[in-house]
Amino acid sequence: MTNNVVVTGVGCISSLGNNMEATWNSIIQGKTGVGRADRVKIDPEYPSSLACTIKFDTGYNEGGLVNDPSIIELLQSIQQMKKDYDAPDEILHSCGIVVGTTAAGMSTYERFHERYNKNNRRICGINDLYEGMVGSLLSCAMEQAIIMYNMTGPSSTIETACASSAIACVNAYDMIRLGNADVMIAAGVDMLCNATYSGFSSLRLMEDDVYRPFDINRKGLVLGEAASVMLLESEEHAKQRGARIIARLSGCGMSCDAYDMTAPDTEGGEAALSMCKALKEAKLNPEEIDYINAHGTGTNLNDIMETTAIKRAFGDAHRNIKVSSTKSMTGHTLGAAGLLEAVFSVLCIRDNILPPTANLETPDGNCSLNHIINNALKRDVKAVMTNSLGFGGINVSLVFTR
Amino acid sequence: MCKRVVITGIGLVSPIGSSKDTYFESLCKGIKLDGPVYPINDFKASDYINANSARKMTKSAQYGVAAAKMSLEDANLEIDESNSRSIGVVAASTFGSGGGMDKYLTNIEKYGGSKASPIAFVNIMHQATTAQICINNKIQGFHVTLVTPGSGLLAIERGADMIRAERANIVLSGGSEEISPIIMDLGKAGSFFCTDDDFEKSIPLHNKSTGSCYGQGSCFVVLEEMEHAINRGAHIYGEISGYGDSAEALGTLWVDPEGNGLGRAFERAFNMGNVCSKNIDCIFASANGYRPSDRGEIKAISRLDIKENIPITAVKSTIGECFGASGAFQVAAALQSMNKSVIPPIAGMSNAEALDDNRFVSGSSLKINVASALISSIYPGGENSALIISKWNK
């Protein structure tokens, strides 16, 4: 079990741009994608009507029976990665895919469900059948990607709340390390739907003003949409085919609070453990990490807990490690977030630049970290950690190195 | 040198009993249940979960928490501060709580999104069962939920990966599923499932099968790193000797009638090199009575270089199609076949009516020594898996 795993392609689509470079340029400039959540039905009694919504280019999967936004976005982000990083057809044909999502297909399923109720709970015709079947399966986006690129490797879809695509990355990494596969795509995708928006509204976790993780005046999160992909392969395989290596995935850590279905364990012990495990696997000392892309959701409990956990995991070294939450710009993209932020982490190494937390005016004293405030920071970047801390107490940390 | 993975515990809640013994005895009787939907009659959540927690959980989560608890008891494993962080859960749930989601959406359609229930929202997520298993047992390693239709067997493979990658010493792997009317309606409309009028001919690998019956329940097995199991003196049911999986570019509603993707999964499982295909003693098929996938599976099996007249059986005319839980139910049956030297028959099967003139285990159970078994999984959507388990030899 000695295969080294490298990153040879990245791609994403978000509210900040319909391709990765546009998204990344906006992130570096501290721009935010926050607007009105116009893909969902806004109930006037919702505490907020904000979201970071993808400005939609619907051209892609035309002709398909189901044009679910999550399918379209995932396919587009893979297509972009394929083009930007010269991933040949035969590589995608032989590779496997692991997708993390919480609601792929849900907007299609909601459309079907409303008709089903209106028709006295009957399935009426092929459209009902197809939208109901496809939309009821969170794996629908992955299945369309497999068809589009005729993939034949191992495949799975994971739903582990906000850590879904971070775990997809761990699974893909392990499959390569263990020799189950030479090349894997790790991906994340989530688009807004009524179930998600109403659920987060009911939990009273939504920001209704400016999205500002770690700020004293923060009130919660703004939901967002994104698709993100990463081509992972064994170092040997990448070198053999002359692929451009962008970074190395050096270590992963996971842990579980086993505490509550939504609230994190505020002592942060388990989240700290997941960071320590990732450092250990990457064979790095805490002071060797240059930057942490925080989970940083902007909820009161998460930001304090994550701060505590970073301090526990890194000790005094935390004072010199730059930290930011790119969610302040992309919104919280739920199942897509882990991998989207992993893509940003890889881009930090590629471009030697660290993105800021937008709108962070007055850092909360309980979140006293070495924040990058509002402006990106140019510096030599050798090692980056990204955290994903999900509902159900799941914690995942990934370490990328040059 | 990769870690070896053994199985040290089985726990389940099924339509034919909520203990591993009653489950296997019922399978061996070969009695096909009556009706297109297989209910769970002898399950009381309060036997396993405190009333306050159980009230918030969906059926799927209740079944899962109970089955996981039984598997831990069967493995004689107590979780405390000394080991909680080296244990994880990898579980499958294809539809999450289909019924819970149906109610949730109906509620927001009628009354508006602001009337959504936060408790319902959190508990209808697919991952709710897995998270509840961790919370209820203080499991702190990790939890992962797989959601594809064929993710039941995959959960066991990914669980074994976690041990081989040294992320845990012990992983509870399996799945949980509950029946919901809306998913049943979709299944019937798509002709995947039988109806009230033709359920009697819902028989796996039968040439006139009318589709699958609906099952539900949960099954978990305890996967353990071999040395860890030996050191604590655990009973070892068997060893995971190989596995492989493969995608197929088909789409949500289709299967390859030639079973080419499943063939690749078989090849990958045997390529792990621990068991030769000629040494497989029986096959626990994924077959559920939906003829296109049954036919693809048998075609893939027929291309294997295996013993002539190898016994092939399937459990789904006795328990129904349980999606995310099915793979673990197949493994639980195969492990007990290995330990008791008896293979259960396909309930309702007569070999005169077998698919494509094949011969399967039918009528009564078959007494035979099983040293290694192949378990397969093929589903519409093109996700295929194969798992090989063997009697454990140090």
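Residues numbered from 1 in each chain as written. Chains lettered and ligands numbered in written order. Predicted model: local features only at pLDDT ≥ 70, side-chain atom pairs only at ≥ 80, totals over all residues. Heavy atoms only, no water.

**Q** Help me out: how do you make sense of the confidence of the model for chain B in this one?
**A** Predicted coordinates in areas of low pLDDT are best not read in detail. Looking at chain B as a whole, the pLDDT averages 94, with 100% of positions reaching at least 70. Here the predicted complex scores 0.96 on pTM and 0.96 on ipTM. (pLDDT = per-residue confidence, 0-100.)

**Q** Explain the environment of C219 of chain B here, please?
**A** Residues and elements named next belong to chain B. When you line up the elements, C219 lands in strand β5 (residues 217-225). For C219, a relative accessible area of 0% translates into the label buried. Sequence separation between C219 and I375 is 156 residues; the distance between their C-alpha atoms is 15 Å. Apart from the residues within four sequence positions on either side, C219 is in contact with G11, L12, A67, S173, G174, G175, A325, A328, F329 and A332. (Helix = DSSP H or I, 4+ residues; strand = E, 2+ residues; numbered from the N terminus. Buried < 20%, exposed > 50% of the residue type's maximum accessible area, 1.4 Å probe, protein only. Contact = heavy atoms within 4.5 Å.)

**Q** Hey, could you run me through the pattern of salt bridges in this one?
**A** Here the idea is simple: oppositely charged side chains can pair when their charged atoms come close. Residues and elements named next belong to chain B. Tallying each qualifying case throughout the model produces 41 salt bridges over all chains. Between D245 and R158 there is a salt bridge, with the nearest N and O atoms lying 3.5 Å from each other. Of this pair, D245 sits in strand β6 (residues 238-247) while R158 sits in helix α7 (residues 151-164); the two residues are 87 residues apart in sequence, bridging distant segments of the chain. Exposure class is identical for D245 and R158. Each is buried. R232 serves as the salt-bridge partner of E224, at 2.6 Å between the closest nitrogen and oxygen. (Salt bridge = Lys/Arg side-chain N within 4 Å of Asp/Glu carboxyl O.)

**Q** What exactly am I supposed to notice about the interface of chain A and chain B here?
**A** How big an interface is tends to be stated in terms of the accessible area lost upon association of its parts. On the side of chain B, 71 residues touch chain A, which itself brings 74 residues to the contact. Taken over both partners, the interface formed by chain A and chain B buries close to 5900 Å², and the fraction arising from carbon and sulfur atoms is 62%. The largest per-residue losses of area from chain A upon contact with chain B belong to E159, A258 and M261 of chain A, which jointly make up 11% of the total buried on that side. Taken together, chain A and chain B are joined by five salt bridges. Ionic pairing is found between E45 of chain A and K115 of chain B, a salt bridge with its closest N-O pair at 3.4 Å. The interface formed by chain A and chain B includes 32 residue pairs in polar contact (both at pLDDT 80 or more). For the side of chain A that touches chain B, the secondary structure elements donating two or more residues are α4 (106-118), α5 (125-135), α6 (140-149), β5 (155-158), α7 (164-177), α8 (194-202), β8 (247-256) and α10 (269-281) of chain A. Per-class residue counts for the side of chain A that touches chain B are 37 nonpolar, 22 polar and 15 charged. (Buried area = accessible area lost by both parts, 1.4 Å probe. Polar contact = N/O pair within 3.5 Å; in protein donor to acceptor, adjacent residues only side chain to side chain. Nonpolar A, V, L, I, M, F, W, Y, C, P; charged D, E, K, R; others polar.)

**Q** Sorry if this is basic, but what is going on with the packing of α8 of chain A against helix α4 (residues 98-111) of chain B here?
**A** The relative placement of two packed helices is expressed as an angle between their axes plus a distance between the axes. One way to put it is that α8 of chain A packs onto α4 of chain B with a least axis distance of 11 Å and a crossing angle of 80 degrees. Taken as axis vectors, α8 of chain A and α4 of chain B run roughly perpendicular relative to one another. Every residue of α4 of chain B that contacts α8 of chain A at N194, A195, S198 and G199 of chain A is listed here: Y104, L105 and I108 of chain B. Grouping the constituent residues of the contact of α8 of chain A with α4 of chain B by class yields four nonpolar, three polar and no charged. (Axes fitted to C-alpha atoms, helices over the stretch in contact; angles between N-to-C directions. Parallel < 35°, antiparallel > 145°, perpendicular 65-115°, else oblique.)

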